[in-house]
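So the chains spell out like this:
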Amino acid sequence: MSDQIKFIVDNLNKEPFRKNYNLITFDSLEPMQLLQILNDVLAEIDPKQVVDIREEMPEHTAKRMLSLLGILKYKPPGNATDMSTFRQGLVIGSKPVIYPVLHWLLQRTNELKKRAYLARFLIKLEVPSEFLQDETVADTNKQYEELMEAFKTLHKECEQLKTSGFSTAEIRRDISAMEDEKDQLIKRVERLKKRVETVQNHQRMLKIARQLRVEKEREEFLAQQKQEQKNQLFHAVQRLQRVQNQLKSMRHTAADAKPESLMKRLEEEIKFNSYMVTEKFPKELESKKKELHFLQKVVSEPAMGHSDLLELESNINEINTQINQLIEKKMMRNEPIEGKLSLYRQQASIISRKKEAKAEELQEAKEKLASLEREVSVKTNQTREFDGTEVLKGDEFKRYVSKLRSKSTVFKKKHQIIAEFKAEFGLLQRTEELLKQRHENIQHQLRTIEEKKGISGYSYTQEELERVSALKSEVDEMKGRTLDDMSEMVKKLNSLVSEKKSALAPVIKELRQLRQKCQELTQECDEKKSQYDSCAAGLESNRSKLEQEVRGLREECLQEESRYHYTNCMIKNLEVQLRRATDEMKAYVSSDQQEKRKAIRQQYTKNIAEQENLGKKLREKQKAVRESHGPNMKQAKMWRDFEQLMECKKQCFLKQQSQTSIGQVQGVYQNGLRALFKGLWNSNRILRNYKMLHFPL
């Protein structure tokens, strides 16, 4: 307790209270002063609490303080009976009640300031349900709730910004830099305007530039729309391919499977889905609802501080210890029937857990299978886009492997033939080199003979003529060959187009049927969705009406309960008054004098007589004071005159002392002393007369 008082005194002596208390002076404070200090601390937390307690009714003070302490989540120690004593102690200013409250408030002032600030905006005003039937009141209430939610979001953003590390100095610097950049841009624009004004037809050119900018923006917008449409088309194609793959897989399974296996598979799926719907999903939904309710409850409560978390942790630990003690007591009983039931319960719980685990594994396997199928479809689409072929499956893949084996044998044979050709090519290349050497030697001999005969260059020109004629014949052959190739290619392309058309005809028919089916399904889905929305809206309206009725009935119940408690309190008060009245009548009627003396009437009559005697004495004293008032005032005036006379004598003495010589000073001094003693003797005589007048023996 002493540490608590010391903490309170230290905090009250600091800012912003500055009370200058010590332990003794604080402990000697009266109840009204303690209540005023408590009110000052509450006013520091909530400025609305700035009130002088002497000018306020005690009931209003207690109600105001209790409401604020309830908002601040203060929990008095003890149970309900202690709560009543807490209220009484708060009304009368009891130290054992006010000291813990002051200690709690001064420990967490900043946190409580924030909580009081939030309570001003987040405590919802409950509007009665009969008033909410009015449209204007309902709209206003809805707007009020929306504003409350907006305040929550804004407050969270503000707290995040406060804790994010952004400083106002940096923001101001950024704003100043942006303003400087803005000024520079304005100056640059003005300079460019001045430069443009000198150019001919500048208005027309500016208009054209503006139109160009608008068209560029439009071009960017159209390009973005084109890209979005491409993405939508790509997604639609992928969806179509997935549907086609699913259709193929369903046909394949339907073609290969037997009715018994299909029925067995369908029964397994039905069992699994019924288990998921009837057991697993309701449990998960219930757990999610509980978690959502708990989170909504946490969100609706104001922010909790470190001390509140510590209190919650301590409560949790206490409850856990109680649970452990109860379990130990139950185990100590060791009843045989309960032991058998516990075994069966354990086995049932183990089986249910295994069942849940297997269901979860099956669900995960299905999800994994779906993801793998999606990956396979994506990969097939990628391969189809890459080389235009599809991924082979089953028998097609086996046929493809057999083809590859036959082609590998052919490849080996061809490879052997190529090796033989390479060997022959080496031999022919060597013979070519030898023939080239012999040709060069013969050409050299021919040139020497032509030079001797005087017809140099004849062989070269003849060779050139032969080469040109050979080239011309080759070109003619190539022209004829290319025309034939082009005609053959056109025929091949026409045949390929006709083949593709004939191959795609059944697929197009199926696609048309699927499109019609898709349109019918979408129409049916829209109809079902509209029915669902209308049904949901009707159920929501009914639920809101029922909630309003329940809220109204709860409020009526609370009012009736409060009226019931009020009437009970009034009955108890009247019973106490009636008991006191009967006791008073018994004491007043009884013949015993001691009982009569205990009666309240006798006590009141005795007190009245004492007060009347005291009043008589005070009136006599007042009369004596009035009679002696005039002489006393005259005597006081005489004393003031005497004081002025002595002051005047003192001034005269000092003045004469400064003006006369040393010899005269002594005479004046003696005369002054003589006059002073004479004045003192006269004053003693006056004082003696005053005492004889006012204080006779």
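Residues numbered from 1 in each chain as written. Predicted model: local features only at pLDDT ≥ 70, side-chain atom pairs only at ≥ 80, totals over all residues. Heavy atoms only, no water.

- For the chain, an unreviewed UniProt entry supplies the name Intraflagellar transport protein 81 homolog and the organism Puma concolor.
- In its Subcellular location (unreviewed entry) section, the UniProt entry covering the chain states "Cytoplasm, Cytoskeleton, Cilium basal body".
- Database annotation for the chain, UniProt heading Sequence similarities (unreviewed entry): "Belongs to the IFT81 family." (UniProt positions renumbered as here; feature names shortened; annotations may be inferred.)

### Observations concerning the overall build of the chain
So, step 1. If you tally the helices and strands in the chain, you get 20 helices and zero strands.
So, step 2. With 697 residues in all, the chain has 12% of them scored as buried.
So, step 3. Within the chain, contacts between residues at least 6 apart in sequence are counted, and of these 60% link residues at least 24 apart. (Helix = DSSP H or I, 4+ residues; strand = E, 2+ residues; numbered from the N terminus. Buried < 20%, exposed > 50% of the residue type's maximum accessible area, 1.4 Å probe, protein only. Contact = heavy atoms within 4.5 Å.)

### Here we look at a nonpolar patch on the surface
So, step 1. Together, Met263, Leu266 and Ile270 make up an exposed nonpolar region whose accessible area comes to about 310 Å².
So, step 2. Locating Met263 in the fold gives a position in helix H12 (residues 259–300). (Patch = residues over 30% accessible without salt bridge, like charges linked within 9 Å, V, L, I, M, F, W, Y side chains within 5 Å. Areas by Shrake-Rupley, 256 points an atom, 1.4 Å probe, with all protein chains shown as cover. Salt bridge = Lys/Arg side-chain N within 4 Å of Asp/Glu carboxyl O.)

### As for the pattern of salt bridges
So, step 1. Here the structure, examined in full by the defined rule, presents 15 salt bridges.
So, step 2. Each member of the salt-bridge network shares a partner with another, and the members are Glu540, Arg543 and Glu547.

### Some thoughts on the packing of aromatic side chains
So, step 1. Under the criterion given, the structure shown has eight aromatic pairs.
So, step 2. Measuring from ring centre to ring centre gives 4.8 Å for Phe121 and Phe151, while their planes differ by 35°; the resulting arrangement is tilted. Of the two residues, Phe121 is situated in helix H7 (residues 109–122) and Phe151 in helix H9 (residues 135–163); the sequence distance between them amounts to 30 residues.
So, step 3. Its relative accessible area of 33% is what places Phe121 among the partly exposed residues.
So, step 4. For Phe151, a relative accessible area of 19% gives the class buried. (Phe/Tyr/Trp six-rings, centres within 6.5 Å; stacked < 30°, edge-to-face > 60°.)

### Observations concerning the packing of helix H1 (residues 2–13) against helix H6 (residues 95–107)
So, step 1. Two numbers describe how H1 lies on H6: the axes approach to 9 Å, and their chain directions differ by 55°. The orientation of H1 relative to H6 falls into the category oblique. By crossing handedness, the relation of H1 to H6 is classed as left-handed. Facing Gln4, Ile5, Phe7, Ile8, Asn11 and Leu12 of H1, the residues of H6 in contact are Tyr99, Pro100, Leu102, His103, Leu106 and Gln107.
So, step 2. Counted by class, the contact of H1 with H6 contains eight nonpolar, four polar and no charged residues. (Axes fitted to C-alpha atoms, helices over the stretch in contact; angles between N-to-C directions. Parallel < 35°, antiparallel > 145°, perpendicular 65-115°, else oblique. Left-handed = near helix turned anticlockwise from the far one by under 90°. Nonpolar A, V, L, I, M, F, W, Y, C, P; charged D, E, K, R; others polar.)

### Things to note about unusual backbone geometry
So, step 1. Phi is positive for Asn20, close to 60°, though the residue is something other than glycine.
So, step 2. Mapped onto the fold, Asn20 is located in the loop between H1 and helix H2 (23–27).
So, step 3. One non-glycine residue, Lys73, lies in positive phi territory at about 65°.

### Some remarks on a negative patch on the surface
So, step 1. On the surface, a cluster of negative charge is contributed by Glu179, Asp180, Glu181 and Asp183.
So, step 2. Mapping Asp180 onto the fold places it in helix H10 (residues 168–197). (Lys, Arg positive; Asp, Glu negative; His and termini not counted. Charge placed at Lys NZ, Arg CZ, Asp CG, Glu CD.)

### Some thoughts on the environment of Gln49
So, step 1. Along the chain, Gln49 falls in the loop between helix H3 (31–45) and helix H4 (58–71).
So, step 2. Considering only alpha carbons, one finds Gln49 and Leu68, 19 residues apart in sequence, at a separation of 9.0 Å.
So, step 3. Apart from the residues lying within four places of it in its own chain, the contact partners of Gln49 are Asn39, Leu42, Ala43, Arg64 and Leu68.

### Points about H7
In an α-helix, one turn spans 3.6 residues; hence positions three or four apart end up facing the same way.
So, step 1. Given a rise of 1.5 Å per residue, 14 residues ought to cover 20 Å, and the 20 Å separating the end C-alpha atoms of H7 matches this to within 8%.
So, step 2. Considered for burial, the residues of H7 that qualify are Thr109, Leu112, Arg115, Ala116, Leu118 and Ala119. (Expected span 1.5 Å × (residues − 1).)

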